[in-house]
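Each chain is listed here by its residues.
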Amino acid sequence: MRGVVAIAQNTVREVIRQRMVLVLALFGVGLVAASQVLSPLALGEGRKVVTDFGLAGSSLLATLLVVVLGSSLLHKELERRTIYAVMAKPIRRSEFLLGKFCGLWITAAALIAGMFAIVLGVVTVSYGETPWLVLGAMALTVLELGVITAIVVFFSSFTTPALTAFFAAATIVAGNFADDLLYFGSQGAAPWVARATEAVYWMLPHLTVFNARGAVVHGIAVAPERLAFAAAYGLLYLMALLIVAGAIFERREFR
Amino acid sequence: MSTIQDTAHRSGATALGGRGIHAVPTMPILSLEGLRKTYRDPMTLKPFTAVDEVTLELERGEIFGLLGPNGAGKTTTIKLLLGLARPTAGRVLLEGREPREPASRSKLGYLPENPCFYDHLTPLEYLDLTGALFGIAPAIRRRRASDLLERLGLGAHARKALRKFSKGMTQRVGLAQALMNEPRLLILDEPMSGLDPVGRSEVKALLREQRAAGVTVLMSSHVLAETEPICNRVGIMKQGRLVEVGTVSTLLQSGVREWEVAVEGMSDAVAAPFRAGGHDVERIGSRSVVRVRNGDSLQDVLRQMLQAGIHVHSVEPRRETLEEHFVRVLDGRTVARGGRS
């Protein structure tokens, strides 16, 4: 476990020291500022527009951070051979992978927490009320980022950064439309198509489970049971992905 | 700081049943048995054997030099014994354990060839990470990191980002991280690479210190002149095979290769019979050097010189260097002795 913690700390440090995080953070602040500019056009719904725009933008930026940085994180280690000295220490490859996952997830979670805090602050100052319901959406978004990070780590355990980014992006998009996929698969297609579609449906991450951003904007709180279900589903899904990724990485040859 | 247990381990002693009885374990610190690694070309699927039937055992407290030209299989062998690659056949045991077991690497220090470390870190941070991976307590690893950086001449650069380091400085950081856990086995892939003469001298001194402390060292190198004086034994690899293993003195047991007779004021006319006799004559200013191929001819050559009234300045035997032996082995002009440990 000490190896996982050490690798996770190093990954957090590595990601934070990259300029991209700063650029994304500035972009997030800019996004919130832009929503302020747009709010007068919202005919009295400015608070909702600022909150909606801020939450959606923050989530998108954090996802971008995970996909872009995560897809090259492992490959860079192999290409520059920094991993050689690390793997000569008493640490398992699966622990190394878990450390990388934890470090990236923690950084993304910190980024989302920071951006949600900015949204909360802007709304509080501008409209005199703090939309605390946002915190429920934030918790779900952090879980969603955990699943997305696991997807990126899974693909990066056996393929190149470009393919990792492509596959991860495709999985995220498909994961947001998993229900539609199941629906279309069942509409008059051949039985084997319906069965295949159903299998893909169960394999895909159901990312809509984690999206309560629209609901909280309209004042609907995240119910504790929904949060519990999302946490259980998210943790199980990411653990399954990490176990498979760990098994693949354990067998990988370092040339 | 070494603990009493560490010292006991380093000396190879094992306490039995708490009665103070000690036995010296016979288990080698590193053992390679019939090790083979075959890669396949990803495009043509044509197999390529990088390491072929390598058998070797390292004795505790020795410095073993793994020599060979580029592509001989040295680095692949090192990767196999660290568990970075899987052997196609044969096996590696680190103190009786498979290298894939993390515990087998707890007392191992490794310096990769042309090392590259996390350039977002400083040497202190990197050594702290290394110490954490070994499970060393924070206070001890901080102290050890500072001591090692001072010892390797990097004390003034301890808080500078690694991306700003030269090749030689990075090599020193590599040595520091390899020593963080006070290893019993040090595996160094080209440790002299990128170092200036002072740096090489310091590394040699460091390796001798480690050997004196009971540490076993396996080092690969191209710099044979640097390897010869510090290695107890060397192994020569050629096309994946360990073609010779032995002490430097055993490998060079052919003894005197030739005799160099330095003389003053020898004319070409006097030198002519020596040349005709198959000896090289080289003129350097007023001095000439006659290279006599064997001891039997030496007496005749000296007698002729004295009869001609030539002043003989010195007579020196010249032995084969490790480099010359290495080149001869690679040329295939020696009988392969196999990889005996």
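A. Examining the overall build of chain A more closely. For chain A, the count of helices and strands is eleven helices and zero strands. Reading chain A from its N end, one meets helices and strands in the order α-α-α-α-α-α-α-α-α-α-α. Scaling as 2.2 N^0.38, a compact globule of 255 residues should have a C-alpha radius of gyration of about 18 Å, and chain A matches this with 20 Å. In terms of overall dimensions, chain A has a C-alpha envelope of 60 × 50 × 30 Å along the principal axes. Classification of the 255 residues of chain A by burial places 49% in the buried group. Expressed as a percentage of contacts within chain A between residues at least 6 apart in sequence, the contacts between residues at least 24 apart total 79%. Element-wise, carbon and sulfur atoms account for 71% of the exposed surface of chain A, whose accessible area totals about 11800 Å². Positive and negative charge centroids in chain A, built from 19 and 14 side chains respectively, lie 12 Å apart.

B. Geometry of the sheet that holds strand β11 (residues 241-247) of chain B. Residue and element names in this part refer to chain B. With mixed pairing, six strands are arranged side by side in an open sheet as β7-β8-β9-β5-β10-β11. Of all strands in the sheet, those with a lone pairing partner are β7 (108-111) and β11, marking the two edges. In this sheet, neighbouring strand axes are inclined to one another by 15° on average, regardless of whether the strands run parallel or antiparallel. Of the strand pairs in this sheet, strand β5 (residues 63-67) and strand β10 (residues 233-238) are connected by four bridges, and their pairing is parallel. Note on β10: the bridge partner recorded for G65 is V234. The strands that helix α2 (residues 74-82) touches are β5, β7, β8 (185-189), β9 (216-221) and β10; relative to β8, the one it contacts most, it runs at about 145°. Together, β5, β10 and β11 form the strand contacts of helix α11 (residues 322-330), whose direction differs from that of β10 by roughly 30°.

C. Structural view of the interface of chain B and chain A. Between chain B and chain A, the residue contacts involve 31 residues of the former and 28 residues of the latter. A per-residue breakdown of the area chain B buries against chain A is headed by L84(B), Y118(B) and L133(B), which together make up 25% of the total. Counting across the interface, chain B meets chain A through three salt bridges. A salt bridge links E253(A) to K37(B); its shortest N-O distance comes to 2.8 Å. At the surface where chain B touches chain A, the tally comes to 17 residue pairs in polar contact (both at pLDDT 80 or more). Broken down by element, the side of chain B that touches chain A gets its largest block of residues, six residues, from helix α3 (residues 123-133) of chain B.

D. Fine view of the pairing of β11(B). Residues and elements named next belong to chain B. Counting buried positions along β11 gives five out of seven residues, so the element sits mostly inside the fold. Alignment of β10 against β11, held across six bridges, turns out to be antiparallel. Across the sheet, residue M237 finds its bridge partner in β11, namely L242. Taking the residues between adjacent antiparallel strands as the criterion, β10 and β11 are bridged by two residues, where Q239 takes a positive phi near 50°.

E. Representation of the nonpolar core. Of all hydrophobic cores here, the largest spans 146 residues; its most connected members are F96(A), F210(A), L30(B), L82(B), Y126(B), I187(B) and M219(B). Leave out the neighbours within four places in its chain, and I187(B) touches I78(B), L81(B), L82(B), L108(B), G109(B), Y110(B), L111(B) and L218(B). Of all hydrophobic cores here, the second largest spans 13 residues; its members include V263(B), V292(B), V301(B) and I310(B).

F. Molecular detail of the confidence of the model for chain B. Residues and elements named next belong to chain B. Taken as a whole, chain B shows an average pLDDT of 83; of its residues, 88% reach a score of 70 or greater. At the low end of the mean pLDDT range in chain B sits strand β1 (residues 14-16), at 37; at the high end sits α3, at 95. Every residue in residues 1-23 is under pLDDT 50, and counting partners more than four places away or in other chains gives 30 contacts. In this model residues 333-341 is a low-confidence stretch, pLDDT under 50, and it forms 24 contacts with partners more than four residues away in sequence or in other chains.

G. Structural detail: the environment of F96(A). Mapped onto the elements of the fold, F96(A) is located in helix α5 (residues 93-127). On the accessibility criterion, F96(A) (0% relative accessible area) is buried. Expressed as a C-alpha distance, the spacing of F96(A) and E225(A), which sit 129 residues apart in the sequence, is 33 Å. Ignoring any residue separated from it by four or fewer positions in sequence, one finds F96(A) in contact with I7(A), L74(A), E77(A), I83(A), V86(A), M87(A), I91(A), F249(A) and Y118(B).

H. Geometry of the environment of T122(B). Residues and elements named next belong to chain B. Position of T122 among the secondary structure elements: in the loop between β7 and α3. On the basis of relative accessibility, which here comes to 13%, the residue T122 falls in the buried class. The spatial distance from the C-alpha of T122 to the C-alpha of P47 is 42 Å, given a sequence separation of 75 residues. Excluding residues within four positions of it along the chain, T122 makes contact with A158, R159, K160, A161 and L162.

I. Highlighting the pattern of salt bridges. The full count for this structure, using the stated rule, is 24 salt bridges over all chains. What you see here is one network of salt bridges that share partners, running through E14(A), K76(A), E77(A) and K100(A).

Parameters and conventions
Every chain's residues receive numbers from 1 upward, in the order its sequence appears when written. All chains are assigned letters beginning with A, and all ligands numbers beginning with 1, in the order in which they are written. Given that this is a predicted model, residues contribute local features only at a pLDDT of at least 70 and side-chain atom pairs are listed and counted only at 80 or more, while totals for whole chains, interfaces and linings are drawn from all residues. Working from all heavy atoms in the structure, the side-chain values ignore hydrogens and water. Helix and strand assignments follow DSSP, with helices taken as H or I runs no shorter than four residues and strands as E runs no shorter than two, numbered in order from the N terminus. Throughout, radius of gyration means the C-alpha value; the globule benchmark is 2.2 Å times the number of residues raised to the power 0.38. Relative accessible area decides the class of each residue, using a 1.4 Å probe on protein chains only: under 20% of the type maximum gives buried, over 50% gives exposed, and in between gives partly exposed. The contact rule is simple, with two residues in contact once any of their heavy atoms fall within 4.5 Å. For the accessible areas, the method is Shrake-Rupley and the probe is 1.4 Å, while residue cover comes only from the protein chains on display. Positive charge is attributed to Lys and Arg, negative charge to Asp and Glu, and no charge count is given to His or to the chain ends. Lys charges are placed at NZ, Arg charges at CZ, Asp charges at CG and Glu charges at CD. For two strands to be treated as a pair, DSSP must find no fewer than two bridges joining them. Working convention: axes come from line fits to C-alpha atoms, limited for helices to the stretch in contact. Angles between N-to-C directions cover 0 to 180 degrees. Once two parts are joined, some of their accessible surface, as seen by a 1.4 Å probe, is lost; buried area is that loss totalled over both. For this document, the term salt bridge refers to a Lys or Arg side-chain nitrogen within 4 Å of an Asp or Glu carboxyl oxygen. Definition of a polar contact: a pair of N or O atoms within 3.5 Å, with one able to donate and the other able to accept a hydrogen when the atoms are protein atoms, and with sequence-neighbouring residues admitted only if both atoms are side-chain atoms. To define a nonpolar core, start from buried Ala, Val, Leu, Ile, Met, Phe, Trp, Tyr and Cys residues and group those joined through side-chain atoms within 4.5 Å. Confidence of the prediction at every residue is given by pLDDT, a number between 0 and 100.

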